[in-house]
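Here is how the chains run, residue by residue.
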Amino acid sequence: MTSLPGGDSTQRPEERTVVCARCGTTADEMPLTWTSSVEGGVRRTYCDTCSRENIRAIEGRLDSEWW
């Protein structure tokens, strides 16, 4: 196995950038205030602003066990 120049082969620098699935806001690393979900088998990440604006829709998708 070969590694990337100047780095570890398991993590590429471009994989650290996080993008909000709704508005496109980016962050270098996953902020603690962002949320993530799996929708249709795909992991989606949402910034804190989009999460706050859509919290009722997010809560509406939770199973009753979470309440």
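In what follows, the accompanying structure is described. Note that the structure is a prediction, hence the values are computed from the model and not measured.

**Remarks on the overall build of the protein chain**
In step 1: Regarding its fold elements, the protein chain presents two helices and four strands.
In step 2: Each helix (α) and strand (β) of the protein chain, taken in turn from the N terminus, gives the series β-β-β-β-α-α.
In step 3: In the protein chain, which comprises 67 residues, the share counted as buried stands at 13%.
In step 4: Expressed as a percentage of contacts within the protein chain between residues at least 6 apart in sequence, the contacts between residues at least 24 apart total 23%.

**Observations regarding the layout of surface pockets**
In step 1: Space inside the largest pocket adds up to approximately 170 Å³.
In step 2: Taken together, Thr-35, Ser-36, Ser-37, Val-38, Glu-39, Tyr-46, Ile-58, Arg-61 and Leu-62 make up the lining of the largest pocket.
In step 3: Sort the elements by how many residues they give to the lining of the largest pocket and strand E3 (residues 35–39) lands first, with five residues.
In step 4: The class makeup of the residues in the lining of the largest pocket is four nonpolar, three polar and two charged.

**A look at the pattern of salt bridges**
In step 1: All chains considered together, the criterion is met by two salt bridges.
In step 2: Note that Arg-22 is salt-bridged to Glu-53, the shortest N-O span being 3.6 Å. Taken together, the positions of Arg-22 in the loop between strand E1 (18–19) and strand E2 (26–27) and Glu-53 in helix H1 (residues 48–53) put the pair 31 residues apart, joining distant regions of the chain. Across the pair, Glu-53 and Arg-22 agree in class, each one exposed.
In step 3: Here Glu-39 ties to Arg-44 by a salt bridge, and the two come within 3.4 Å at their closest N and O atoms.
In step 4: On the basis of relative accessible area, Arg-44 is assigned to the partly exposed category, the value being 33%.

**Let's talk about the pairing of strand E4 (residues 42–46)**
In step 1: Sheet topology note: the E3/E4 ladder contains five bridges and is antiparallel. Paired with Ser-36 across the strands is Thr-45, a residue of E4.

Conventions used here
Throughout this document, residue positions are counted from 1 along each chain, in the order its sequence is written. The predicted origin of the model limits local features to residues at a pLDDT of at least 70 and limits the giving and counting of side-chain atom pairs to 80 or more, whereas totals for whole chains, interfaces and linings rest on all residues. With hydrogens and water stripped out, all remaining heavy atoms of the structure feed into the side-chain values. Working definition: helices are DSSP H or I runs of at least four residues, strands are E runs of at least two. Numbering for both runs from the N terminus. Here's how the labels work: a residue is buried when its accessible area is under 20% of the maximum for its type, exposed when over 50%, partly exposed in between, all with a 1.4 Å probe on protein chains only. Two residues form a contact once any of their heavy atoms are found within 4.5 Å. Points on a 1 Å grid, built from protein atoms alone, make a cavity when a 1.4 Å probe fits but cannot get out and make a pocket when they are open with protein on both sides within 12 Å along at least 5 of 7 lines; residues with an atom within 4 Å of a point are the lining residues. Grid points are joined across faces, edges and corners, and a volume is the space filled by probe spheres set on the points. Polar here means any residue outside two lists: the nonpolar Ala, Val, Leu, Ile, Met, Phe, Trp, Tyr, Cys and Pro, and the charged Asp, Glu, Lys and Arg; Gly therefore counts as polar. Salt bridges are defined by distance alone: a side-chain nitrogen of Lys or Arg within 4 Å of a carboxyl oxygen of Asp or Glu. At least two DSSP bridges between two strands are needed for those strands to be called paired.

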